[in-house]
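# Per-entry structural report
Read off the chains here:
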Amino acid sequence: QVQLVQSGGGSVQTGGSLRLSCAASGDSYSTYCMAWFRQAPGKEREAVAAIDGNGRRTYTASVKGRFTISGDNAKNTVYLQIDGLKPEDTAMYYCAAGFNCLDLDYWGRGTQVTVSS
């Protein structure tokens with residue numbers, strides 16, 4: 001069983017930065033892919049960024065150049081550095097993990113990011 005513990009998040013003004021963390025317990029197979037999703041009120045959840053065990057990173061188009069996903073294998077932790085925050089980035093952010101990036105099995109509880117103009 002994998003547990004994901006999220007930290008970070010908060011309220012910032014437009015243009016600010018935040019770093020989200022997600023610490024995973026469990027074997028490396030189950031956390032081969034780790035990803036971040038977000039869900040704004042009244043909207044569907046969307047994938048934001050993902051990183052796999054080979055260090056390959058993918059981003060959704062709307063965050064490219066502003067969001068950076070990284071991982072620390074020794075700590076089994078994934079980070080999401082968010083720069084240039086915009087009000088439309090306001091959402092609950094979730095960490096997820098699994099072997100297949102297209103079918104993630106484990107989810108964190110979420111952390112709120114609120115951006116004010």
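In this report, the structure presented in the accompanying data block is examined. (Residues numbered from 1 in each chain as written. Predicted model: local features only at pLDDT ≥ 70, side-chain atom pairs only at ≥ 80, totals over all residues. Heavy atoms only, no water.)

Let us look at the state of the cysteines. For the coordinates displayed, the defined rule picks out two disulfides. Between the sulfur of Cys-22 and that of Cys-95 lies a disulfide, 2.0 Å long from S to S. Handedness here is read from the sign of the S-S torsion; for Cys-22 and Cys-95, about -75 degrees, the answer is left-handed. In this pair, Cys-22 is assigned in strand 3 (residues 18-25) and Cys-95 in strand 9 (residues 91-98), connecting sequence segments 73 residues apart. Judged on exposure class, the residue Cys-22 and its partner Cys-95 are both buried. Disulfide pairing places Cys-33 opposite Cys-101 at an S-S distance of 1.9 Å. Disulfide Cys-33 to Cys-101: torsion about the S-S bond roughly 110 degrees, handedness right-handed. (Disulfide = S-S within 2.5 Å. Helix = DSSP H or I, 4+ residues; strand = E, 2+ residues; numbered from the N terminus. Buried < 20%, exposed > 50% of the residue type's maximum accessible area, 1.4 Å probe, protein only.)

The strand order across the open sheet built from four strands is 1-3-8-7, with neighbouring strands paired in antiparallel fashion. Each end of this open sheet is capped by a strand with a single partner; those strands are strand 1 (3-7) and strand 7 (67-72). Pairwise comparison of adjacent strand axes, ignoring direction, gives a mean angle of 15 degrees for this sheet. (Pairing = 2+ DSSP bridges. Axes fitted to C-alpha atoms, helices over the stretch in contact; angles between N-to-C directions.)

Mapped onto the elements, Ile-51 comes out in strand 5 (residues 46-52). With 20 residues separating them along the chain, Ile-51 and Gly-71 place their C-alpha atoms 7.6 Å apart. Apart from residues lying up to four places away in sequence, Ile-51 is in contact with Tyr-32, Cys-33, Met-34, Arg-56, Arg-57, Ile-69, Ser-70, Gly-71 and Val-78. (Contact = heavy atoms within 4.5 Å.)

Before going further, it helps to spend a moment on the nonpolar core. Leu-4, Met-34, Trp-36, Val-78, Leu-80 and Tyr-93 are the most contacted members of the largest nonpolar core, which totals 27 residues. Ignoring anything within four residues of it in the chain, the contact list for Met-34 reads Leu-4, Cys-22, Ala-24, Ala-49, Ala-50, Ile-51, Ile-69, Val-78, Cys-95, Ala-96 and Ala-97. Counting residues in hydrophobic clusters, the runner-up holds six residues, among them Phe-37, Ala-50, Ala-96 and Leu-104. (Core = buried A, V, L, I, M, F, W, Y, C linked by side-chain atoms within 4.5 Å.)

Here we take up the packing of aromatic side chains. In total, this model carries two aromatic pairs according to the counting rule given. Measuring from ring centre to ring centre gives 5.4 Å for Tyr-32 and Phe-99, while their planes differ by 35 degrees; the resulting arrangement is tilted. Here Tyr-32 is found in the loop between strand 3 and strand 4 (33-39), whereas its partner Phe-99 is found in the loop between strand 9 and strand 10 (106-107), with 67 residues between them in sequence. Among the residues examined, Tyr-32 registers a relative accessible area of 25% and is labelled partly exposed. When the centroid spacing of 4.8 Å and the interplanar angle of 55 degrees are considered together, the rings of Phe-37 and Trp-107 count as tilted. A residue pair is termed long-range when its members are at least 10 positions apart, and Phe-37 in strand 4 and Trp-107 in strand 10 qualify at 70 residues. Sitting above the plane of the Phe-37 ring, Arg-45 keeps its charged end 5.5 Å from the centroid. Positioned above the aromatic ring of Trp-107 is the side chain of Arg-45, whose terminal nitrogen or guanidinium carbon lies 4.1 Å from the ring centre. (Phe/Tyr/Trp six-rings, centres within 6.5 Å; stacked < 30°, edge-to-face > 60°. Lys NZ or Arg CZ within 6 Å of the ring centre and 35° of its normal.)

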